[in-house]
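Given next are the chains, with one letter for each unit.
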Amino acid sequence: MKEKLWNHITTVRKQSPLVHNITNYVVMNNTANALLAIGASPIMSHAHEEMVAMQQICNSLVINIGTLDTYWVKSMHLAIEAANKNKNPWVLDPVGAGATPFRDEVLSELLNLKPIAIRGNASEILALAKHNKTQTKGVDSTASSLDAIDAARFLNKQYNAVVIISGETDVIVSDELEVKLNNGNLLMTKITGMGCSASAILAAFLAVIPESAEAAVAATALISIAGEISAKSCDGPGSLQVSILDKLHSITENEFLKHLKIEN
Amino acid sequence: MKEKLWNHITTVRKQSPLVHNITNYVVMNNTANALLAIGASPIMSHAHEEMVAMQQICNSLVINIGTLDTYWVKSMHLAIEAANKNKNPWVLDPVGAGATPFRDEVLSELLNLKPIAIRGNASEILALAKHNKTQTKGVDSTASSLDAIDAARFLNKQYNAVVIISGETDVIVSDELEVKLNNGNLLMTKITGMGCSASAILAAFLAVIPESAEAAVAATALISIAGEISAKSCDGPGSLQVSILDKLHSITENEFLKHLKIEN
Amino acid sequence: MKEKLWNHITTVRKQSPLVHNITNYVVMNNTANALLAIGASPIMSHAHEEMVAMQQICNSLVINIGTLDTYWVKSMHLAIEAANKNKNPWVLDPVGAGATPFRDEVLSELLNLKPIAIRGNASEILALAKHNKTQTKGVDSTASSLDAIDAARFLNKQYNAVVIISGETDVIVSDELEVKLNNGNLLMTKITGMGCSASAILAAFLAVIPESAEAAVAATALISIAGEISAKSCDGPGSLQVSILDKLHSITENEFLKHLKIEN
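Residues numbered from 1 in each chain as written. Chains lettered and ligands numbered in written order. Predicted model: local features only at pLDDT ≥ 70, side-chain atom pairs only at ≥ 80, totals over all residues. Heavy atoms only, no water.

In this section: the overall build of chain A. Of the regular secondary structure elements, chain A holds 11 helices and nine strands. Computed over its C-alpha atoms, the radius of gyration of chain A comes to 17 Å, within 12% of the 18 Å expected for a compact globule of 264 residues. Along the first, second and third principal axes, the C-alpha atoms of chain A reach 45 × 40 × 35 Å. By the burial criterion, 66% of the 264 residues in chain A qualify as buried. Of the contacts formed within chain A by residues at least 6 apart in sequence, a portion of 70% connects residues at least 24 apart. Total accessible area on chain A is roughly 9000 Å²; 47% of this is exposed by carbon and sulfur atoms. When the 21 positive and 26 negative side-chain charges of chain A are each reduced to one mean point, those points stand 3 Å apart. (Helix = DSSP H or I, 4+ residues; strand = E, 2+ residues; numbered from the N terminus. Rg over C-alpha atoms; globule rule 2.2 N^0.38 Å. Buried < 20%, exposed > 50% of the residue type's maximum accessible area, 1.4 Å probe, protein only. Contact = heavy atoms within 4.5 Å. Areas by Shrake-Rupley, 256 points an atom, 1.4 Å probe, with all protein chains shown as cover. Lys, Arg positive; Asp, Glu negative; His and termini not counted. Charge placed at Lys NZ, Arg CZ, Asp CG, Glu CD.)

Set out below in structure tokens:
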């Protein structure tokens, strides 16, 4: 599988998919830059009037509820409907699932609209599956990704979506495979929006790679390895945020394969 | 007092308070990163439907009117009411006070809802106290912090809040103390949102430290010293913004105490 | 003309115009920092209630439709009306022109409100002029700036605005001059919001320099040269974004004139 993963990364670079992001205010700049760095093209847009037209020119969609409100929830529904009609894959990032009843109601509705993939931290995946073994601490996770594997399997079966649990170990769960990635660095948890960037990168990969589970592994490995390499030479979370963008852009096959720590 | 200040910094690192931010679009990313860097957890949220629930899981609240509109003003009121009910402290950052009548009306209402602390630049503090000796220049200050001490004392008495004037000299005014901090660096005025980060950091400290005036001194000293140290080795405002996040995360007791320039 | 361009840069540094930005969520932080770096003062504001008052204290206005919705479109109209009344120049950045019918309708209306300058990439300028020789790819350009010169001339005649086409070669088109700038670096296209910063910088220059075409050349040259110099020593798009802010702040007359590659 290792060589295939790198091929997927080059496919994104060559095909440069256009990814429509309905995401939160906190991470928009970094998410757009992460997409540009991997060779994709970002567009951020939420006006009800243009959700259908946007999905006609875009190749995929990210729905991230980080700073949701009712206007944006309506935008999400309009964009998802258009994405589904155009057979554009869409990714759900359930930021802060379990934090408030409002988020959970919105997520219940979104889950039924057939995301191709769901990516969250362990607390969020547990909350989505209503495995209430954990308490969400805002948008950070208080659980380990390994604790959420059953919840991920449940979501995968129930909604037929690839599920990615981000954490010290990233876990990718689909019908076909269950993969653990032991890349990344703890300092990545001290930067806001790493997970949001991971979801957007995922949407770029899913736009151009038909094998969705493999695409999810490649996308997840890419950002985790970029973070791991960058963390070695940075001075803290500020410079890590900057270096990850540099590394997403410059990473070579050798670097990628040398660092990849995959269990399947 | 010096040793106490460092203890407060370690308390925040250990207890990692969850801070609810209703803040402006410009600074959300940096504010979230500043909170993560000091060891706190940020959440940004403004949906009316979740203001009450958010304050049930959060430890404090920041209200920053930088890019206000009527929807967000209503969010602020809902969140403050819930914070007050839960005895969560909340901080007011009156960005651009005095710039428009709309801001001043909104601020008049917010002031009456009992912020535990108010942090602004001299122009904003003067405008809040209706000491119209100054003209606001957008969100930058045209007055010196020392010119605003009377206004700060007035606000402290009137609203029973700790008042922090940011500037070349930072001034903290409470019932119990009046402290001047001569830290920081002029280049910090060339980065947007330094004050906004200071207010959010303040909310993190107030969440876990009962002595609110001391908490304000510690929070203010932390960001000013981080900026001062970072400015020495950076190449301009872009790299300073990055380095401050690194330094907020890595600063040691020795560094902090060595640089602290406090008058009380 | 070369010496005049540097004079314009120092004029902005000395007069520090206050620029009102109605811009998109993605770039707000960087745009504010770019304005601070060149010596101007930014304010971001969109509340209907304060558009008139804001234009009374500001010196110019940027209208950027990157993440528009109906509320913000109304803000734009209110601010433009107030700007025109106060004889404050305003700049139009037609982000994603041609991407959706909604954007094109909004842009049709805005064009008629007399922007002093219009800045976009080639795809956007072609779409604005309804020269449908190109397809917009989200917010990136698929056309070369040289392909859009006729469209720029048409827009200049039709709306009496200076038109700036950003690209590998930047082209400035006005009644009086037509200038090509061969500065910049390809890596700048891998950072989000470079064009948005260019538009905001343009608004700062137009606020204090009566010769609008020359102001446009100076503003465009400044960011392109800052990018070109920064690209030489950066490690990728993340560090380039940071370095450009440093260089906008520190650039000297010697550096500027040495790098300037102008054809007129």
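To continue, consider the UniProt feature "binding site: ATP" (unreviewed entry) in chain A. Residues and elements named next belong to chain A. Annotation from UniProt places "binding site: ATP" (unreviewed entry) at Arg 119 and Ser 166. What stands out for the annotated residues spanning 48 residues is how close their C-alpha atoms remain, the widest pair being 7.2 Å apart. Setting aside chain neighbours within four positions, we find Arg 119 in contact with Leu 92, Asp 93, Pro 94, Ile 164, Ser 166, Gly 195, Cys 196, Ala 198, Ser 199 and Leu 202. (UniProt positions renumbered as here; feature names shortened; annotations may be inferred.)

With 30 residues of chain B in contact, the opposing surface of chain C contributes 29 residues. Summed over both sides, the interface of chain B with chain C buries roughly 2400 Å², with 60% coming from carbon and sulfur. At the boundary of chain B with chain C, the tally comes to one salt bridge. The partner of Glu 50 of chain C in a salt bridge is Arg 103 of chain B, and the shortest N-O contact between them spans 2.8 Å. Our count for the chain B to chain C interface comes out at 10 residue pairs in polar contact (both at pLDDT 80 or more). Looking at which element gives the most residues to the side of chain B that touches chain C, the answer is helix H10 (residues 237-250) of chain B, with five residues. (Buried area = accessible area lost by both parts, 1.4 Å probe. Salt bridge = Lys/Arg side-chain N within 4 Å of Asp/Glu carboxyl O. Polar contact = N/O pair within 3.5 Å; in protein donor to acceptor, adjacent residues only side chain to side chain.)

Residue and element names in this part refer to chain A. Reading across from one edge, E2-E1-E3-E4-E5-E6-E7-E8-E9 is the order of the nine strands in this open sheet, with mixed pairing throughout. Edge positions in the open sheet fall to strand E2 (41-44) and strand E9 (262-263), since each of these has one partner strand only. Where strand E3 (residues 60-64) meets strand E4 (residues 90-93), four bridges bridge the pair, whose relative direction is parallel. The residue of E4 that forms the bridge with Asn 64 is Asp 93. With respect to the sheet, helix H5 (residues 101-111) is in contact with E3, E4 and strand E5 (117-121), its orientation differing from that of E4 by roughly 160°. Along the sheet, helix H8 (residues 194-208) makes contact with strand E1 (18-22), E3, E4, E5 and strand E6 (162-166), crossing E3 at roughly 160°. (Pairing = 2+ DSSP bridges. Axes fitted to C-alpha atoms, helices over the stretch in contact; angles between N-to-C directions.)

So, on to the nonpolar core. If you look at the biggest cluster of nonpolar residues, it comprises 139 residues, and the most contacted ones within it are Leu 110 of chain A, Leu 110 of chain B together with Leu 110 of chain C. Once you skip the residues sitting within four places of it in the chain, Leu 110 of chain C turns out to touch Ile 63, Ile 65, Met 76, His 77, Ile 80, Trp 90, Leu 92 and Pro 115 of chain C. Grouped together as the second largest cluster of nonpolar side chains are 55 residues, Ile 164, Val 179, Val 217 and Ala 218 of chain A included. (Core = buried A, V, L, I, M, F, W, Y, C linked by side-chain atoms within 4.5 Å.)

Our next topic: helix H4 (residues 70-85) of chain B. Residue and element names in this part refer to chain B. The first and last C-alpha atoms of H4 sit 23 Å apart over 16 residues, in line with the 22 Å expected at 1.5 Å per residue. Taken residue by residue, H4 has Trp 72, Val 73, Ser 75, Met 76, Ala 79, Ile 80, Ala 82 and Ala 83 as its buried positions. Each element contacted by the buried residues of H4 is listed here: strand E1 (18-22), helix H2 (28-37), helix H3 (51-57), strand E3 (60-64), strand E4 (90-93) and helix H5 (101-111). Among the residues of H4, the N-terminal cap falls to Asp 69, whose side-chain oxygen and the backbone nitrogen of Tyr 71 are separated by 3.1 Å. (Expected span 1.5 Å × (residues − 1).)

With an RMSD of 0.0 Å, the operation that places chain B on chain C is a rotation of 120° combined with a shift of 0.0 Å along the axis. This pairing of chains is accounted for by a three-fold axis. For chain B, the residue whose C-alpha comes nearest the rotation axis is Tyr 25 of chain B, separated from it by 3.8 Å. Counting the interface residues of chain B, we find that no more than 7% of their copies in chain C are interface residues as well, pointing to two distinct contact surfaces. (Least-squares fit on C-alpha atoms with pLDDT ≥ 70 in both.)

A few words on the pairing of E6 of chain A. Residues and elements named next belong to chain A. Within E6, four of the five residues are buried, leaving the element largely enclosed by the surrounding structure. Pairing geometry for E5 and E6, over five bridges, is parallel. Along E6, the bridge assignment pairs Asn 121 with Ser 166. In this structure, E6 lies alongside strand E7 (residues 170-173), joined through three bridges in antiparallel fashion. Looking across to E7, one finds that Ile 164 is bridged to Ile 172.

Turning next to the sheet that holds strand E8 (residues 178-181) of chain B. All names here are of chain B. Taken together, nine strands build an open sheet; the order of strands is E2-E1-E3-E4-E5-E6-E7-E8-E9 and the sheet is mixed. At either end of the open sheet lies a strand with only one pairing partner, and these are strand E2 (41-44) and strand E9 (262-263). Pairing between E8 and E9: two bridges, direction antiparallel. For Lys 180, the partnering residue across the bridge sits in E9 and is Glu 263. Taken strand by strand, H2 contacts E1 and E2, and its axis lies near 155° from that of E2.

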